[in-house]
Amino acid sequence: MSELPAVTFRILPYDVGEHPLLGASIAILDFPEPTDSGLVYLEGFGRSRNFLRLANEVARYRDEFELLSRRCLDRRRTTAMIDGVLDRND
């Protein structure tokens, strides 16, 4: 699945520590209309769910996601780590 062009797996190392998105599940949706800033779907503790549409809110989550993405292992190291775990469990 990680070889599909529209799929990216990345591992965020544990030693990154706490971060603003810890414990949350987010989806950032973009739309083709240039005037639409997008949408953030956010799930948190206790099954709370929110849709954020304000441009500044979407931008804030997009920025946090980008910062976190830069701290993830690259594609090669992510794949190697997953393969290593799978090999140990065979």
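Here's what I pulled together on the structure shown here. Because the structure is predicted, anything quoted here is derived from the model rather than measured. (Residues numbered from 1 in each chain as written. Predicted model: local features only at pLDDT ≥ 70, side-chain atom pairs only at ≥ 80, totals over all residues. Heavy atoms only, no water.)

Some remarks on the packing of aromatic side chains
Evaluation of the coordinates by the stated rule reveals one aromatic pair. Here the aromatic rings of Tyr 41 and Phe 51 are separated by 4.9 Å at their centres, their planes lie at 45°, and the arrangement is tilted. One end of the pair, Tyr 41, is in strand β2 (residues 39-43); the other, Phe 51, is in strand β3 (residues 49-52), with 10 residues separating them in the sequence. (Phe/Tyr/Trp six-rings, centres within 6.5 Å; stacked < 30°, edge-to-face > 60°. Helix = DSSP H or I, 4+ residues; strand = E, 2+ residues; numbered from the N terminus.)

Some thoughts on the layout of surface pockets
Estimates place the volume of the largest pocket at around 220 Å³. Around the largest pocket, the lining residues are Thr 8, Arg 10, Leu 12, Phe 65, Leu 68, Ser 69 and Cys 72. Of the residues assigned to the lining of the largest pocket, the class counts are four nonpolar, two polar and one charged. (1 Å grid on protein atoms, 1.4 Å probe; cavity = no way out; pocket = protein on both sides within 12 Å on 5 of 7 lines; lining within 4 Å. Points joined across faces, edges and corners; volume = space filled by probe spheres on them. Nonpolar A, V, L, I, M, F, W, Y, C, P; charged D, E, K, R; others polar.)

Side note on the sheet that holds β3
Here we have three strands laid out as an open sheet, ordered β1-β2-β3, and antiparallel in their pairing. Pairing within the sheet leaves two strands with one partner each, and these edge strands are β1 (25-29) and β3. Sheet twist, expressed as the mean angle between neighbouring strand axes with direction ignored, is 15°. In this sheet, β3 lies alongside β2 in antiparallel orientation, the contact comprising four bridges. Residue pairing for β3: Leu 42 is matched across the bridge by Asn 50. Taken strand by strand, helix α1 (residues 55-70) contacts β1, β2 and β3, and its axis lies near 115° from that of β1. (Pairing = 2+ DSSP bridges. Axes fitted to C-alpha atoms, helices over the stretch in contact; angles between N-to-C directions. Contact = heavy atoms within 4.5 Å.)

Purely spatial values, then, with no claim about function.
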